[in-house]
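Secondary and tertiary structure notes
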Amino acid sequence: GDNLLLSGKRAVVTAGPTHEPIDPVRYIANRSSGRQGFEVAAALSRLGADVTLVAGPCAQETPAGVTRVDVETAREMQAAVDAALPADIAVCVAAVADWHVKNGGAQKLKKSKDGTPSFEFGENPDILKGLSGLKKGRPALVVGFAAETENVVEHATEKRVRKGCDLIVANDVSAQTGIMGGEYNEIHLISAAGAESWPKMEKSAVADKLALKIAEVLKG
Ligand code: C5P
């Protein structure tokens, strides 16, 4: 529709894990399911935003009305995000690998008398930090996620400042919470004004509430 809360706004959302290849058949990955990020893309779209979803390898269905760009590595994710700019809103939900393998194999690595391989790692781009620090064309609202396993609010508050983003959605992903890969999330929303804690709810409900919050902040 034309008169929804986010009509006329462009959003880019990252979601899922990244895969960092070791050789043509092996990679380093993480346990992100992509679920929360896909829900955020869907929720922004329901509010009328024009959404580009940059997705790492995951089994989620593309939400209705959302433009999906599939990527594998962090560096590809960065390039796809850049290509989706300009945007009014950026929400970085992806669990981006911090490192890539610098000396992987162009061909499948073989067991050999040389013993086990040693890998060298290079740093990946920090997509959230890069977006937050853009001198020209910074999205009006940049939102990050923080997966923590202890002192969640304290760590996420520091992270918001370090990354330079406007909002951080922080959650406790300790194994016993069942949040990673699960259906529910329990989050703290961190802004310059402080932290607000939301009750445990479905990831789709977190996404809807976040999308409303985003619309409210953009308006104010
Ligand atoms: O750096 P850390 O993983 O603790 O911060 C998490 C937040 O930063 C998430 O919003 C994630 O999507 C984003 N991030 C990113 N690019 C990276 C690492 C994290 O966009 N290379």
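Above: the structure in question.
Attention in this report is confined to the structure presented alongside it. What you are looking at is a predicted structure, and each value in this text was computed from that prediction instead of being measured. (Residues numbered from 1 in each chain as written. Predicted model: local features only at pLDDT ≥ 70, side-chain atom pairs only at ≥ 80, totals over all residues. Heavy atoms only, no water.)

What follows covers the sheet that holds strand 6 (residues 89–92). Spatially, the eight strands line up as an open sheet ordered 5-4-1-6-9-10-12-13, and their pairing is mixed. Edge positions in the sheet fall to strand 5 (67–70) and strand 13 (194–197), since each has one partner strand and no second. Strand-to-strand, the axes of this sheet are offset by a mean angle of 20°, without reference to chain direction. One ladder, built from six bridges, connects strand 1 (residues 10–15) with strand 4 (residues 50–55); its direction is parallel. Residue pairing for strand 4: Val12 is matched across the bridge by Thr52. (Pairing = 2+ DSSP bridges. Helix = DSSP H or I, 4+ residues; strand = E, 2+ residues; numbered from the N terminus. Axes fitted to C-alpha atoms, helices over the stretch in contact; angles between N-to-C directions.)

With that out of the way, let us pick up the pairing of strand 12 (residues 187–191). Sheet topology places strand 10 (residues 167–172) next to strand 12; four bridges connect them, and they run antiparallel. The residue of strand 12 that forms the bridge with Val169 is Leu189. Of the pairings in the sheet, the one linking strand 12 to strand 13 comprises four bridges and is antiparallel in character. Residue pairing in the sheet places Ser191 in a bridge with Gly194 of strand 13. In sequence, strand 12 turns back onto strand 13 through a hairpin of two residues.

Before going further, it helps to examine helix 5 (residues 203–219). Given a rise of 1.5 Å per residue, 17 residues ought to cover 24 Å, and the 24 Å separating the end C-alpha atoms of helix 5 matches this to within 8%. Inspection of helix 5 places Lys203, Val206, Ala207, Leu210, Ala211, Lys213, Ile214 and Ala215 among the buried residues, and these make up the whole buried set. (Expected span 1.5 Å × (residues − 1). Buried < 20%, exposed > 50% of the residue type's maximum accessible area, 1.4 Å probe, protein only.)

With that out of the way, let us pick up the pairing of strand 4. The element strand 4 is largely enclosed, with a buried count of five among its six residues. As paired elements, strand 4 and strand 5 share four bridges and run parallel to each other. Following the sheet pairing, Ala55 is matched in strand 5 by Asp70.

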